[in-house]
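An overview of the molecular structure
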Amino acid sequence: MFIAWLLLGVLVVLISIWIFGFLRLNDRSLPIANTAIYKRVLVIFPHPDDEVLTVGGLIGALRAQGAAVKVVFLTRGERGTPDGKLDLELKQIRVLEAQTVAKTLGITDLVLEDFGDGVLEQKTSELALYVQTLLTEYEPDLVVTYDQSGLYGHPDHIAVSEVVSEVIRTHKQPLELWYPSYPKSVLEMIALPEHMAN
């Protein structure tokens with residue numbers, strides 16, 4: 001009997017921790033958007049893993065509703081080390097990870113470009129032409145990318161946000177553009193690598 005009460009007590013504690021975490025980490029001040037209206041979604045991020053860390057749940061929901069989702073990475077993430085140094089082995093690992101995530105989320109249209117990790121702010125003209133081509137060829141009704149702060153100040157994130165935002169602003173047809181954002185409570189808990197924490 002004692003064991004049953006002990007297990008019940010542990011279960012109550014675990015559920016309480018989960019509820020506290022859920023309430024603390026989720027921003028309930030924003031309205032929930034109707035995602036069922038989107039049929040062709042273009043997700044553009046600089047690095048493999050950016051999509052999972054920001055909009056993995058959104059991608060899963062869109063796919064479950066039957067939307068076509070094209071995910072485009074502009075680099076292969078070869079500088080995704082704690083100190084930002086080039087690691088060509090990591091480049092291959094991140095490609096394989098991106099392909100695995102795409103399969104898990106049901107993404108059949110995955111593009112892994114190679115504009116160079118850590119140098120996107122030097123290639124904005126080239127990126128703008130590429131993004132314009134993507135929009136013209138894919139004709140999405142929703143585009144998702146980083147916000148103007150790059151979520152936390154990463155130069156590649158900011159460069160992609162600025163390029164995508166400007167191309168959409170001047171695009172021949174109006175397009176919906178979404179920026180993912182973490183609640184402030186989450187950002188306050190994250191310790192960013194110094195070379196990214198602008």
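From a predicted model like this one, the values you see are computed outputs, not experimental measurements.

A few points about the overall build of the protein chain
- Secondary structure assignment for the protein chain yields seven helices and five strands.
- Taken from N to C terminus, the helices and strands of the protein chain fall in the order α-β-α-β-α-β-α-β-α-α-β-α.
- By its C-alpha atoms, the protein chain is 70 × 40 × 30 Å across when sized along the principal axes.
- A buried classification covers 39% of the 198 residues belonging to the protein chain.

What to know about unusual backbone geometry
- Even without being a glycine, aspartate 49 presents a positive backbone phi close to 105 degrees.
- Here aspartate 49 is to be found in the loop between strand 1 (40-45) and helix 2 (50-64).
- Look at aspartate 49 and you get partly exposed, because its relative accessible area is 33%.
- Not every positive phi belongs to a glycine, and glutamate 139 is a case in point at roughly 50 degrees.

Some words on the packing of aromatic side chains
- One pass over the structure, following the stated rule, counts three aromatic pairs.
- Both rings, one in tyrosine 38 and one in tryptophan 178, keep their centres 5.4 Å apart while their planes meet at 80 degrees; by these two values the pair is edge-to-face. Of this pair, tyrosine 38 sits in the loop between helix 1 (2-25) and strand 1 while tryptophan 178 sits in strand 5 (residues 176-178), placing them 140 residues apart in sequence.
- Residue class for tyrosine 38 comes out buried when judged on its relative accessible area of 8%.
- On the numbers, 4.8 Å between centres and 70 degrees between planes, the contact of phenylalanine 45 with tyrosine 146 is edge-to-face.

Overview of the sheet that holds strand 3 (residues 109-112)
- Taken in spatial order, the five strands make up an open sheet running 3-2-1-4-5, and their pairing is parallel. The sheet is open, and its two borders are formed by strand 3 and strand 5, each paired with just one other strand. Here the average twist between neighbouring strands, direction ignored, is 15 degrees.
- Bridge count between strand 1 and strand 2 (residues 68-73): six bridges; the pairing is parallel. Paired with leucine 42 across the two strands is lysine 70, which belongs to strand 2.

Points about the pairing of strand 1
- Along strand 1, five of the six residues are buried, which leaves the element largely enclosed by surrounding structure.
- In this fold, the crossover linking strand 1 to strand 2 by way of helix 2 has right-handed handedness.

A look at the environment of glutamate 139
- Structurally, the position occupied by glutamate 139 is in the loop between helix 4 (124-138) and strand 4 (142-144).
- Residues glutamate 139 and leucine 74 lie 65 residues apart in sequence; the distance between their C-alpha atoms is 19 Å.
- With residues up to four places along the chain from it excluded, the contact list for glutamate 139 reads Arg40 and Leu134.

As for the pattern of salt bridges
- Applying the stated rule across the entire model yields five salt bridges.
- Salt-bridge contacts for arginine 94 lead to aspartate 49; the nearest nitrogen and oxygen are separated by 2.8 Å. Note that arginine 94 is positioned in helix 3 (residues 88-105) and aspartate 49 in the loop between strand 1 and helix 2, a separation of 45 residues in sequence.
- Two residues, arginine 169 and glutamate 166, come together in a salt bridge whose shortest N-O distance is 2.6 Å. Of this pair, arginine 169 and glutamate 166 both sit in helix 6 (residues 155-169), three residues apart, roughly one helical turn.
- Judged by relative accessible area, glutamate 166 falls into the partly exposed class, the value being 38%.

Calculation rules
Residues numbered from 1 in each chain as written. Predicted model: local features only at pLDDT ≥ 70, side-chain atom pairs only at ≥ 80, totals over all residues. Heavy atoms only, no water. Helix = DSSP H or I, 4+ residues; strand = E, 2+ residues; numbered from the N terminus. Buried < 20%, exposed > 50% of the residue type's maximum accessible area, 1.4 Å probe, protein only. Phe/Tyr/Trp six-rings, centres within 6.5 Å; stacked < 30°, edge-to-face > 60°. Pairing = 2+ DSSP bridges. Axes fitted to C-alpha atoms, helices over the stretch in contact; angles between N-to-C directions. Right-handed = clockwise from strand over helix to strand, strands pointing away. Contact = heavy atoms within 4.5 Å. Salt bridge = Lys/Arg side-chain N within 4 Å of Asp/Glu carboxyl O.

Interpretation note: all reported values are geometric properties and have no functional meaning in isolation.
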